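Chain by chain, the residues:
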Amino acid sequence: MSSFKIAIIGAGSVGFTKKLFTDILSVPEFRNVEFAITDLSEHNLGMIKSILDKIVESNNLPARVTASTDRREAIAGARYIISCVRVGGLAAYADDIRIPLKYGVDQCVGDTICAGGILYGQRNIPVILDFCKDIRELAEPGAKFLNYANPMAMNTWAAIEYGKVDTIGLCHGVQHGAEQIAEILGAKDGELDYVCSGINHQTWFTDVRVKGRRIGKDELVAAFEAHPVFSQQEKLRIDVLKRFGVYSTESNGHLSEYLPWYRKRPEEITRWIDMSDWIHGETGGYLRYSTETRNWFETEFPQFLKDAEKPIDPARRSNEHASHILEALETGRVYRGHFNVKNNGVITNLPSDAIIESPGFVDRFGINMVAGITLPEACAATCISSINVQRMSVHAAISGDIDLLKLAVLHDPLVGAICTPEEVWQMVDEMVVAQAEWLPQYAHAIPAAKERLSKGTVKTRDWKGVARREVRSIDELRAEKEATKLKAAS
């Protein structure tokens, strides 16, 4: 097969880039592919390039790896562009958690909707549109954009609707949920079959079968409640399963952010979370985890290099969708997965313009979605609440309309269950001012927001006093970042 080029944006995410790279090279036809990796961090880029070069050398492959902080150089001539960026890094993310917490909005992850996810989208969407502009101008004609970055639905929505690029959103929540179901039912490899449909992070297992036998709600509930670990870690998901009749793909902590009934009062939150790991619902859990492990690849780098000397084992290829999609498109071997695309009637009871996550098949003709799916009414109602917020958030990010942004946050299910309109207006002003360096579309609105904040009358609380575990402050993160820069310069 003739060679082609793959660009990976945000490749400084060392572990994930290594996984994508080895997955793709597990396909025999892809052994001579060109990889162009790009990142803002020259340091991280150098580390990951060393690892990828070692993999190529150790496996005696003709594949080529180039690295550049010039994104346009990486995208030029690429057939596939993969994005895994976090705009603003941990410094901006700390604001996504810290500021809403002052107003009583308690988030575990805050990267999809809720106050944190909406502001994350405001930072990402202008950058996503820059990627799309580069793709239109420089990439191979008909190039495909594979987006792994959150907020998945908003980023994909913006890229398709406004970036005018052929975009697929990819996530691994469905696979993780299926692994849980297989475990509780004792299903071996190949025995579990399922259909998931909905929107990203609110996708629902509407059909579960083991060796062809349909598994109903009562059997799933009994199996989860009998499991010694999941019965404690997934209490909220099990409760939703009992009430909705279907299991959610999303983690206990993440799901609690989308369903306001479980996370609007501190005493209620403690009923549903398990503190054995952050992902089960800890306040600011993902920020804490990300902060504490932000430099893990520095200490693990020698081991990464040593592992890179091992032969690529196709049997260890991950279930991340990217390599399987590329294989299907290039070779015609059919791949079935769950993809984020524009609805256009695929799910009958969700809006046509929404970005859905639903089953599809890929071959050399492209992605072919399974049409005519109808969600259970409760699932559809929950998804529509988020879709309405996503739509307003995307339009606000495109237009720089701060009033529309505030309305989007006001309509978020969890925020709306906790905050008054006055609190939302002040909270958004505070978040936009704190994150101004990453929000160019709101530059015109920042002076007025600062003026309003100077006269603010809404009382907030000590966010550190609210968190069950300390959430690192924006000032601490920025001071640490500056100290690292000074150390590098010296």
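Note that the structure is predicted; figures quoted are calculated from it, not measured.

Looking at the overall build of the protein chain
- Helix and strand counts for the protein chain stand at 22 helices and 13 strands.
- Here the C-alpha radius of gyration of the protein chain, 22 Å, is about what a compact globule of 490 residues would show, namely 23 Å.
- Along the longest, intermediate and shortest principal axes, the C-alpha atoms of the protein chain span 65 × 65 × 40 Å.
- A total of 490 residues make up the protein chain; the buried ones form 58% of that total.
- By element, 50% of the accessible surface of the protein chain is carried by carbon and sulfur atoms, the whole surface being about 19700 Å².

With respect to the side chain of D39
- Within the secondary structure, D39 sits in the loop between β2 (34–38) and α2 (42–58).
- Here D39 is buried and forms no salt bridge, its nearest opposite-charge partner R71 lying at an N-O distance of 11 Å.
- Polar side-chain contacts of D39 include one of 3.5 Å to the backbone nitrogen of A11.
- Sequence-distant contacts of D39, that is, excluding residues within four places in its chain, are made with G10, A11, G12, S13, L45, S68 and T69.

Here we look at the confidence of the model for the protein chain
- Across the protein chain, pLDDT averages 93, with 93% of residues at or above 70.
- Low pLDDT, under 50, characterises residues 467–474; the predicted model gives this stretch 33 contacts beyond four residues in sequence or across chains.

Description of the packing of helix α5 (residues 114–138) against helix α19 (residues 421–434)
- Interhelical geometry of α5 versus α19 gives an angle of 40° and a closest axis separation of 11 Å. The pairing of α5 with α19 is recorded here as oblique in orientation. Our pair here, α5 against α19, has a crossing hand that is right-handed. Contact residues: A115, G116 and L119 in α5; M427, M431 and V432 in α19.
- Across the contact of α5 with α19, the residue classes break down as five nonpolar, one polar and no charged.

Here we look at the packing of α19 against helix α20 (residues 446–454)
- Between α19 and α20, the least distance of the axes is 9 Å, while the angle of their chain directions is 125°. Here α19 lies oblique to α20, going by the angle between them. For the pair α19 and α20, the crossing hand works out as left-handed. Contacts from Q426, D429, E430, V432 and V433 in α19 reach I446, A449, K450, R452 and L453 in α20.
- For the contact of α19 with α20, a count of residues per class yields five nonpolar, one polar and four charged.

Some thoughts on the pairing of strand β8 (residues 202–210)
- Counting buried positions over the nine residues of β8 gives seven, a clear majority of the element.
- As judged from the eight bridges shared by strand β7 (residues 192–199) and β8, these two strands associate in the antiparallel manner. Considered in β8, the bridge of C196 is made with F205.
- Remark: two residues form the turn of the hairpin made by β7 and β8, two consecutive strands paired antiparallel; H201 in that turn has positive phi of roughly 70°.
- Pairing of β8 with strand β10 (residues 247–248), which is carried by two bridges, proceeds in the antiparallel orientation. Looking across to β10, one finds that F205 is bridged to Y247.

A short note on the packing of aromatic side chains
- Inspection of every chain in the model, using the stated rule, returns 18 aromatic pairs.
- Measuring from centroid to centroid gives 5.6 Å for F4 and Y80, while their planes differ by 70°, and the two rings are edge-to-face. Of the two residues, F4 sits in the segment before β1 (5–9) while Y80 sits in strand β4 (residues 80–83), which places them 76 residues apart along the sequence.
- The exposure class assigned to F4 is buried, which follows from its relative accessible area of 5%.
- Plain terms: the ring middles of Y194 and F205 are 5.5 Å apart, the flat faces sit at 65° to each other, and that makes the pair edge-to-face. One end of the pair, Y194, is in strand β7; the other, F205, is in strand β8, and 11 residues separate them in sequence.
- Given a relative accessible area of 18%, Y194 falls into the buried group.
- Ring pairs connect the aromatic residues Y194, F205, F224, F230 and Y247, which therefore count as one cluster.
- Positioned above the aromatic ring of Y93, the side-chain terminus of R86 is 4.4 Å from the ring centre.

Focus on helix α8 (residues 217–226)
- Listed as buried for α8 are L220, V221, A223 and F224. Buried positions in α8, seen along its axis, are confined to an arc of 165° and lie on one side of it. Facing away from the buried surface of α8 by more than 90 degrees, the exposed residues are D218 and A226.

Digging into unusual backbone geometry
- The omega torsion across N150 and P151 is -5°, close enough to zero to call that bond cis.
- Assignment of secondary structure puts P151 in the loop between β5 (144–147) and α6 (152–161).
- Of note in the backbone geometry, N344 takes a positive phi value of approximately 50° without being a glycine.
- As for its placement among the helices and strands, N344 is situated in the loop between β11 (335–342) and β12 (355–363).

A word on the side chain of T167
- You can see T167 is positioned in strand β6 (residues 166–169).
- For T167, a relative accessible area of 5% gives the class buried.
- Polar contacts involving the side chain of T167 include one to the main-chain carbonyl oxygen of V165, which spans 2.9 Å.
- Apart from residues no more than four positions distant in its own chain, T167 is found in contact with F145, T156, A159, I160 and N340.

Here we look at the environment of E437
- Residue placement: E437 occurs in the loop between α19 and α20.
- Overall, E437 belongs to the exposed group, its relative accessible area being 56%.
- Each C-alpha atom of the pair E437 and G88 lies 8.6 Å from the other, and the pair is 349 residues apart in sequence.

As for helix α16 (residues 377–399)
- End to end, α16 covers 33 Å across 23 residues, agreeing with the expected 33 Å (1.5 Å per residue, within 8%).
- One or two positions beyond α16, positive phi appears at G400, with a value near 70°.

Conventions and cut-offs
- The numbering scheme is per chain: residues are counted from 1 as the chain's sequence reads.
- The predicted nature of this model means local features are confined to residues of pLDDT at least 70 and side-chain atom pairs, given and counted, to a pLDDT of 80 or more, with totals for whole chains, interfaces and linings taken over all residues.
- The basis for the side-chain values is all heavy atoms of the structure; hydrogens and waters are excluded.
- Helix and strand definitions follow DSSP, with helices as H or I runs of at least four residues and strands as E runs of at least two, each counted in order from the N terminus.
- Two things to know: the radius of gyration comes from C-alpha atoms, and the globule rule equals 2.2 Å times the number of residues to the power 0.38.
- Relative accessibility decides the category of a residue: with a 1.4 Å probe and only protein chains considered, values under 20% of the type maximum give buried, values over 50% give exposed, and everything between is partly exposed.
- With residues, only the protein chains shown are counted as cover, and all accessible areas are computed by Shrake-Rupley using a 1.4 Å probe.
- All tallies of charge rest on Lys and Arg as positive and Asp and Glu as negative; His and the ends of each chain are not included.
- Salt bridge, as used here, is a side-chain nitrogen of Lys or Arg placed within 4 Å of a carboxyl oxygen of Asp or Glu.
- Pairs of N or O atoms within 3.5 Å make up the polar contacts considered here, provided that, within protein, one atom can donate a hydrogen while the other can accept it, and that residues adjacent in sequence are counted only when both atoms are side-chain atoms.
- Residue contacts follow a heavy-atom distance rule, with two residues in contact if any of their heavy atoms lie within 4.5 Å.
- For every residue, the predictor assigns a confidence score, pLDDT, that lies between 0 and 100.
- Orientation is described by lines fitted to C-alpha atoms, with helices fitted over the stretch in contact, and by angles between N-to-C directions that extend from 0 to 180 degrees.
- Orientation is classified from the angle alone, with under 35 degrees giving roughly parallel, over 145 giving roughly antiparallel, 65 to 115 giving roughly perpendicular, and any other angle giving oblique.
- If you view the pair so one helix is near and one far, a crossing is left-handed when the near helix is turned anticlockwise from the far one by less than a right angle, and right-handed when it is turned clockwise.
- Classes in brief: Ala, Val, Leu, Ile, Met, Phe, Trp, Tyr, Cys and Pro nonpolar; Asp, Glu, Lys and Arg charged; the others, Gly included, polar.
- Whether two strands pair comes down to DSSP finding at least two bridges between them.
- Aromatic contacts are taken between Phe, Tyr and Trp rings whose centres are within 6.5 Å, Trp giving its six-membered ring; a plane angle under 30 degrees counts as stacked, one over 60 as edge-to-face, and the others as tilted.
- A ring is considered to have a charge above it if a Lys NZ or an Arg CZ atom is located within 6 Å of its centre and within 35 degrees of its normal.
- This arc corresponds to the set of directions leading from the helix axis out to the C-beta atoms.
- Expected helix span is computed as 1.5 Å times (number of residues minus one).

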